[in-house]
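# Fold and contact review
The residues making up each chain are set out below.
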Amino acid sequence: MKEPATLQAISDVEIEQLQVFGARVHNLKNIDVSLPRNKFIVITGISGSGKSSLAFDTIYAEGQRRYIESFSSYARQFLGTLERPDVDKISGLSPVISIEQKTTGKNPRSTVGTVTEVYDFIRLLYARIGEAYSHVTGKKMVRFTGQQIYRHILEKYSGKKIALLAPLVRGRKGHYRELFEKIRRQGYLKARVDGEFLDVKDKMQVDRYKIHDIEVVIDRLSVEEKFEDRLRQSLESALNLGSELCMVFDYETEEVQHFSKKLMCPESGIAYEEPNPNTFSFNSPYGACPACRGLGAIYEVNLDAVMPDKSKSINEGGFAPLGEWRDNYAFRELRSLSLKYGFNFSQPISTIPQQALDIILYGRNGKPAERVETWTGRTFSTGFEGIVNMVKQCFFETSSENLRRWAEDFMELVTCPECGGKRLKKEALWFKVAGKNISELSLMGINDLREWFLNIDSQLSVRQKTIAKDIIKEIRMRTQFLLDVGLEYLTLDRPARSLSGGESQRIRLATQIGSQLRGITYILDEPSIGLHQRDNHRLIKALKELTEIGNTVLVVEHDKEIMLASDYILDLGPGAGYMGGDVVASGEPQLFMSQNSVTARYLSGEEKIEVPGKRRQGNGKFLTLFGATGHNLKQVNLRLPLGMMVCVTGVSGSGKSSLINETLYPILRRHLYHSRQKPLPYVSIDGLKHIDSVIEVDQSPIGRTPRSNPATYIGVFSDIRNLFAQVPEAKIRGYKAGRFSFNVKGGRCEWCEGGGMKVIEMNFLPDVYVQCENCLGKRYSRETLEVRYKGKSISDVLEMPIDEAVGFFENVPGIYRKIKTLHDVGLGYVTLGQPAPTLSGGEAQRVKLAAELCKKDTGNTLYILDEPTTGLHFQDIKMLLAVLNRLVDHGNTVLIIEHNLDVIKAADHIIDLGPEGGDKGGE
């Protein structure tokens, strides 16, 4: 008899172990695992041995499924239910939170400050205790009496017709039916709704889902001596109804000025609205800079792209968007301009008179249009409106993706000239706390920011201290958590999309530590990525703190220091793919090291990656970059010796990526491939003639769909299809190579369209993927599978592990050479047709390396790798180094950004940046 759910739940809590019985997800071989609860556990093993399958696809997936099952069936139909992982039973499982290394979203509005919520607390602080200064005079704002406002209106609007408005709703959603009814009953006839004057009618309302501004019109009058009493009474009503705030609308200029009993500049007369947290948010229309809409950057036409070579004439296509001369409207307009200003189509652009050039670029006005991101172009019916305006119109207004892509070639992202990249309205930047505005705080490193908040008390008044006490306490606590995980070099305004996987993971880890939850199972995927060895102890301390308050921390990790600091190690293996999926060793670190597994031997020092006996001297040539100043780089001169394995090291945030990925790589791409990617600022570069190609090998997936696989990526599948088309049986049937593609109609199984799987929708239950009953997962039609090479069909070849394929194709040189490279980079366990989404980051990177090895190299190639050891076991690093050494032995240069000491010690030359991260780095 099955035991009741409640009793089972109680018995689970009493178990001191997290137990997994019969796990068979992916390559796990029906394993049983018992892990201690409320401990710091490391799951390790060779890449592809099944670590993520156990941690994420089994334990985390089951935790998520149980959580969703606790909802009502009504709620579950909106959420969808999760598939039960292929496991017999999991007991002792507490609620799970997964913190993976997938980088935070690509949203340009997301920053370190918004992700960690520190910026939200700072916004609240400025809204409550910020002191306002006038952006006109720089003087402190004062609060006026009703009499002073009255006198100001008399002076400024003398003889003008005005409307006095009382603001009732500022930036809120709702239909406001009751509010309109209330003001109608009070006898008011007009209201200004979202900038438009409307009559107040019975049953009036607005769209409840849109954000609205509503002001009631108190009075409309001319500011003259005979109406002074009426003005005084109306002003009093406006201030009462508008909670000490009123607005004056000038009918002549249609401008609105705010008057407040709260904040106003005594000299210029400008008034600020009472601040609220949205005033300091670049994601709100009430705080965002109107020009860039809170993004800090806008798209502008790049004149260097419009006129790439000013020595060319108009006939030769000197204006790139127009191309070479042809008889159309634009060239006919230019012809009439040339007659007026005295230039011809065959003279160089550089000799065209400036006035004429301005009209060609900017139209009749001869000057740039407004710098607004959502630029609204004008039609060309009024005459030629200029090349710049034409490109802007195509970029901002067209519905054609091709036309937009064409225009994008002539656009560049530049710092917003209105806010200088600070993202906020100018008013928001003139509120200060202890002498600093909110943007200045956003630009500080986390370390300096915490220091500033620790010393702020002495600069605040007693009233400010009382109001801000809890807010400041929260900011201090959150910044400390970020320091605890080694992120002191980050700034709050750093875009979230520019963070590495490890950085974004540690930010989420800091948030979790701050939440102080207990009884949770945390699952982390390599939190040490991008962290210098020096800072490892801080990460370990943070993870141990989570276990000390009563949580279980499961970490998939390869870092030696983290393994030795853990309470328990579980090693999966012995190999990868179909050779992995077993538990090969487990136990506390000391006990673990006495066992006979590859990981244990590396940990105990029995096996290690050897230091090379001899360092290469290179080819005597250098690539020299002068005066790099991007981000935190301080006039860095980089002298890169060629023909060597070079390692760029330094603590996190010292400027490695800024120097290599964002300065050197774009320069080389621009030089070799005419790329439009803009490098960070630098003075000059020397030695470009020594390099004829540059290749960046990163860990991004080789494809997003199951139709992409290692065979298609390295280009060997085309050769295999051609081989099958040469088989006598295929020739008799008239089959061409396309017949053997699972992406093309003809040879594939049309029942599953070459996918091998069918999706069955289950409504309340999760969608189920079942093997296609027509082709039984083979992807091809029966006729196609009847064509065999050496007894194997095309489907059998796709299911063949690379180790086996090497022997199978050894007599076909073109195919053998490509498959052998996959074998040489340590991917022998992967099948040729393994779907791309199931490959780990390290495996994807090695497939890319294999693809490069397949090509005939010139010996003058520069390979750039950013932390290639991510997700790699000691044994995998040994293989990777062998591959990289092969590339260097052919005369190429390999440049690696790395923290792993095994890779650093194997390099021929080391460039170290520092001494610290952030502002204190970049040297």
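Keep in mind the model is a prediction, meaning the values are calculated, not measured.

## Examining the overall build of the protein chain
Looking only at helices and strands, the protein chain features 32 helices and 29 strands. Projected onto the principal axes, the alpha-carbon positions of the protein chain cover approximately 105 × 85 × 60 Å. Across the 923 residues in the protein chain, those meeting the buried criterion constitute 51%. A separation threshold of at least 6 residues defines the contact pool for the protein chain, and within that pool the share at least 24 residues apart is 69%. For the protein chain, the computed accessible surface area is about 43,000 Å², with 49% contributed by carbon and sulfur atoms. Separation of charge centres in the protein chain, based on 120 positive and 116 negative side chains, amounts to 3 Å.

## Considerations on the nonpolar core
Counting 139 residues, the largest nonpolar core has I122, F453, I720 and F809 as its most contacted members. In terms of residue count, helix α31 (residues 874-889) provides more of this core than any other element does, eight residues in total. Beyond its immediate sequence surroundings of up to four residues, I122 is in contact with I438, L441, L449, F453, I475 and L492. The next biggest cluster of nonpolar side chains, apart from the first, holds 32 residues, and it includes Y150, I183, A191 and V206.

## What to know about the side chain of E557
With respect to the helices and strands, E557 occurs in the loop between β17 (552-556) and α19 (560-565). A distance of 2.9 Å separates polar atoms of two side chains, one belonging to E557 and the other to S528. Each residue touching E557, except ones within four places of it in the same chain, is listed here: V42, I43, T44, E526, P527, S528, I562 and M563.

## Concerning the pattern of salt bridges
Under the definition given, this model contains 49 salt bridges. Between E215 and R192 there is a salt bridge, with the nearest N and O atoms lying 2.8 Å from each other. Highlighted residues: E215 in strand β10 (residues 211-222) and R192 in strand β8 (residues 190-193), separated in sequence by 23 residues. Across the pair, R192 and E215 agree in class, each one buried. Between D567 and K544 there is a salt bridge, and its shortest N-O distance comes to 3.9 Å. Placement of the pair is D567 in the loop between α19 and β18 (568-573) and K544 in helix α18 (residues 536-548), with a sequence separation of 23 residues. Residue K544 is classed as partly exposed on the basis of its relative accessible area, which comes to 27%. Salt bridges sharing partners connect three or more residues here, namely E488, R534, D535, R538 and E916.

## Some thoughts on the environment of K778
Mapped onto the elements, K778 comes out in the loop between β26 (768-771) and α26 (782-785). Given a relative accessible area of 29%, K778 falls into the partly exposed group. Filtering out sequence-adjacent residues up to four positions away, K778 remains in contact with L785, S795 and D796.

## Describing the confidence of the model for the protein chain
Should the pLDDT be low somewhere, the predicted coordinates at that spot are not to be read in detail. Looking at the protein chain as a whole, its pLDDT mean stands at 88, while 94% of the residues score no less than 70. Predicted confidence in the protein chain is weakest over helix α1 (residues 5-14), with a mean pLDDT of 45, and strongest over strand β3 (residues 40-45), with 97. This stretch, residues 370-383, has a pLDDT under 50; its non-local contacts, to residues over four places away or in other chains, come to 37 contacts.

## Some remarks on the side chain of R721
Within the secondary structure, R721 is located in helix α24 (residues 716-725). Here R721 sits buried without a salt bridge, and the closest side chain of opposite charge, D719, lies 8.9 Å off (N-O distance). Not counting chain neighbours up to four residues away, the residues in contact with R721 comprise A737, F740 and S741.

## Observations regarding the sheet that holds strand β20 (residues 622-628)
One open sheet accounts for three strands, arranged β21-β20-β23; its pairing is antiparallel. Of all the strands in the sheet, the pair left with one neighbour each is β21 (636-641) and β23 (684-686). Neighbouring strand axes in the sheet, compared pairwise and without regard to direction, differ in orientation by 10° on average. In the sheet, β20 pairs with β21 via five bridges, with the strands oriented antiparallel. Its bridge partner being in β21, L625 is matched across the sheet by L638. Sitting on the sheet, helix α22 (residues 656-673) touches β20, β21 and β23, and the angle it makes with β20 is about 115°.

## Let's talk about the sheet that holds strand β29 (residues 909-913)
Judged by pairing direction, the sheet is parallel, and its five strands sit side by side in the order β24-β27-β28-β22-β29 without closing on themselves. Each of the sheet's edge strands pairs with one partner strand only, and the pair in question is β24 (693-697) and β29. Taken over all neighbouring pairs, the strand axes of this sheet differ in orientation by 20° on average, direction set aside. Across four bridges, the pairing between strand β22 (residues 645-650) and strand β28 (residues 893-897) is parallel. By the bridge assignment, C647 is partnered in β28 with I896. Each of β24 and β27 (861-866) touches helix α30 (residues 841-854); the most contacted strand, β24, lies at about 160° to it.

## A short note on the pairing of β24
With four of five residues buried, β24 lies mostly within the body of the structure. Relative to β27, β24 runs parallel, the two being bridged by five bridges. If you follow V694 over to β27, its bridge partner there is L862.

## Regarding the packing of aromatic side chains
Counted by the stated rule, this structure contains 23 aromatic pairs. With centroids separated by 5.1 Å and ring planes inclined at 90°, the aromatic side chains of W452 and F453 adopt a geometry described as edge-to-face. Judged by its relative accessible area of 12%, W452 falls in the buried class. Under the relative-accessibility criterion, F453 is labelled buried at 0%. Seen from their ring centres, Y789 and F809 are 6.3 Å apart, and the 5° between their planes marks the pair as stacked.

## Topic: the pairing of strand β9 (residues 196-199)
In the sheet, β8 pairs with β9 via four bridges, with the strands oriented antiparallel. Bridging from a neighbouring strand, A191 pairs with L198 of β9.

## Describing the packing of helix α5 (residues 118-129) against helix α16 (residues 462-484)
Between α5 and α16, whose axes approach to 10 Å, the crossing angle comes to 165°. Considered as vectors, α5 and α16 are oriented roughly antiparallel to each other. The crossing of α5 and α16 is left-handed. Residue-level contacts link V118, F121, I122, L124, L125, R128 and I129 of α5 to Q464, I467, A468, I471, I472, E474, I475, R478, T479 and L482 of α16. Broken down by class, the residue content of the contact of α5 with α16 amounts to twelve nonpolar, two polar and three charged.

## Some words on helix α11 (residues 354-362)
The set of residues buried in α11 consists of A356, L357, I359, I360, L361 and Y362. The first or second residue beyond α11 is G363, which carries a positive phi of 85°.

## Details of the environment of E588
Mapped onto the elements of the fold, E588 is located in the loop between β19 (582-587) and α20 (589-593). Spatially, the C-alpha atoms of E588 and T838 are 31 Å apart, while their sequence positions differ by 250 residues.

## Description of the environment of Q205
Along the polypeptide, Q205 turns up in the loop between β9 and β10. Relative accessible area serves as the criterion here: at 41%, Q205 is assigned to the partly exposed category. As a C-alpha pair, Q205 and L179 span 26 residues in sequence and 8.8 Å in three-dimensional space. With residues near it in sequence (within four places) discarded, Q205 still touches H175, R177 and F180. Reaching out from Q205, the side chain makes a polar contact with the side chain of R177 at a distance of 2.6 Å.

## Looking at unusual backbone geometry
Cis geometry marks the peptide bond from G573 to P574; its omega dihedral reads -5°. The topology assignment puts P574 in the loop between β18 and β19. A cis amide bond links G914 with the next residue in sequence, P915, at an omega value of 0°. One can find P915 in the segment after β29. You will see that H26, though not glycine, has its phi angle at about 50°, which is positive. Here H26 lies in the loop between β1 (17-23) and β2 (31-36).

About the thresholds
Residues numbered from 1 in each chain as written. Predicted model: local features only at pLDDT ≥ 70, side-chain atom pairs only at ≥ 80, totals over all residues. Heavy atoms only, no water. Helix = DSSP H or I, 4+ residues; strand = E, 2+ residues; numbered from the N terminus. Buried < 20%, exposed > 50% of the residue type's maximum accessible area, 1.4 Å probe, protein only. Contact = heavy atoms within 4.5 Å. Areas by Shrake-Rupley, 256 points an atom, 1.4 Å probe, with all protein chains shown as cover. Lys, Arg positive; Asp, Glu negative; His and termini not counted. Charge placed at Lys NZ, Arg CZ, Asp CG, Glu CD. Core = buried A, V, L, I, M, F, W, Y, C linked by side-chain atoms within 4.5 Å. Polar contact = N/O pair within 3.5 Å; in protein donor to acceptor, adjacent residues only side chain to side chain. Salt bridge = Lys/Arg side-chain N within 4 Å of Asp/Glu carboxyl O. pLDDT = per-residue confidence, 0-100. Pairing = 2+ DSSP bridges. Axes fitted to C-alpha atoms, helices over the stretch in contact; angles between N-to-C directions. Phe/Tyr/Trp six-rings, centres within 6.5 Å; stacked < 30°, edge-to-face > 60°. Parallel < 35°, antiparallel > 145°, perpendicular 65-115°, else oblique. Left-handed = near helix turned anticlockwise from the far one by under 90°. Nonpolar A, V, L, I, M, F, W, Y, C, P; charged D, E, K, R; others polar.

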